[in-house]
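Close look at the chain arrangement
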Amino acid sequence: MVIDLHGPQGNAYALMAVAKDIAKQLDMNYHVIHDEMRQGDYKHLLDTFLFHFGEYVELENYPE
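On a predicted model such as this, the values are computed, not experimentally measured, just so you know.

Here we take up the nonpolar core. Among the nonpolar cores identified, the biggest contains 17 residues, and I3, L15, M37, F49, F53 and L59 are the most heavily contacted of them. Listed by contribution, the elements that provide at least two residues to this core are α1 (12-25), α2 (30-37) and α3 (42-53). In this view, I3 contacts Q9, G10, L15, V18, F49, V57, E58, L59 and E60; residues no more than four positions away in its chain are not counted.

So, on to α1. For α1, with 14 residues, the first-to-last C-alpha span of 20 Å sits near the 20 Å given by 1.5 Å per residue. Here α1 has its buried residues at L15, M16, V18, A19, I22 and A23. Angular distribution of buried residues about the axis of α1 spans 160 degrees; they occupy a single face of the element. Facing away from the buried side of α1 by more than 90 degrees, the exposed set consists of Y13, K24 and Q25. Where α1 begins, one side-chain oxygen reaches toward the backbone nitrogen of Y13, 2.9 Å away; that side chain belongs to N11. Directly after α1, the chain includes D27, whose backbone phi takes a positive value near 55 degrees.

With that settled, consider the packing of α1 against α2. Orientation of α1 relative to α2, taken along the N-to-C sense of each, is 155 degrees, at an axis distance of 10 Å. What the angle tells us is that α1 and α2 run roughly antiparallel. Between α1 and α2 the crossing geometry is right-handed. Residues L15, M16, A19, K20 and A23 of α1 pack against Y30, H34 and M37 of α2. When its residues are assigned to classes, the contact of α1 with α2 shows 6 nonpolar, 1 polar and 1 charged.

Our next topic: the environment of E36. Assignment of secondary structure puts E36 in helix α2. Judged by its relative accessible area of 27%, E36 falls in the partly exposed class. Once the C-alpha coordinates of E36 and T48 are considered, the two residues, 12 residues apart in sequence, prove to be 7.1 Å apart. Apart from residues no more than four positions distant in its own chain, E36 is found in contact with H44, T48 and H52.

What counts, and at which threshold
Residues numbered from 1 in each chain as written. Predicted model: local features only at pLDDT ≥ 70, side-chain atom pairs only at ≥ 80, totals over all residues. Heavy atoms only, no water. Core = buried A, V, L, I, M, F, W, Y, C linked by side-chain atoms within 4.5 Å. Buried < 20%, exposed > 50% of the residue type's maximum accessible area, 1.4 Å probe, protein only. Helix = DSSP H or I, 4+ residues; strand = E, 2+ residues; numbered from the N terminus. Contact = heavy atoms within 4.5 Å. Expected span 1.5 Å × (residues − 1). Arc of directions from axis to C-beta. Polar contact = N/O pair within 3.5 Å; in protein donor to acceptor, adjacent residues only side chain to side chain. Axes fitted to C-alpha atoms, helices over the stretch in contact; angles between N-to-C directions. Parallel < 35°, antiparallel > 145°, perpendicular 65-115°, else oblique. Left-handed = near helix turned anticlockwise from the far one by under 90°. Nonpolar A, V, L, I, M, F, W, Y, C, P; charged D, E, K, R; others polar.

Here it is as structure tokens:
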């Protein structure tokens, strides 16, 4: 799966929804991941998303 961060799927709420779906499929505790994603700024949210789901999702236009 590829998500373009400049598109509508790149906003924080959409990314958290994707994280929820993937976490459910992988039987992961989404609530812990969700809380971690919300502990910082947008870059932190992206880093956390990639930490947990980078094996399954590629983020296009990821900020360097």
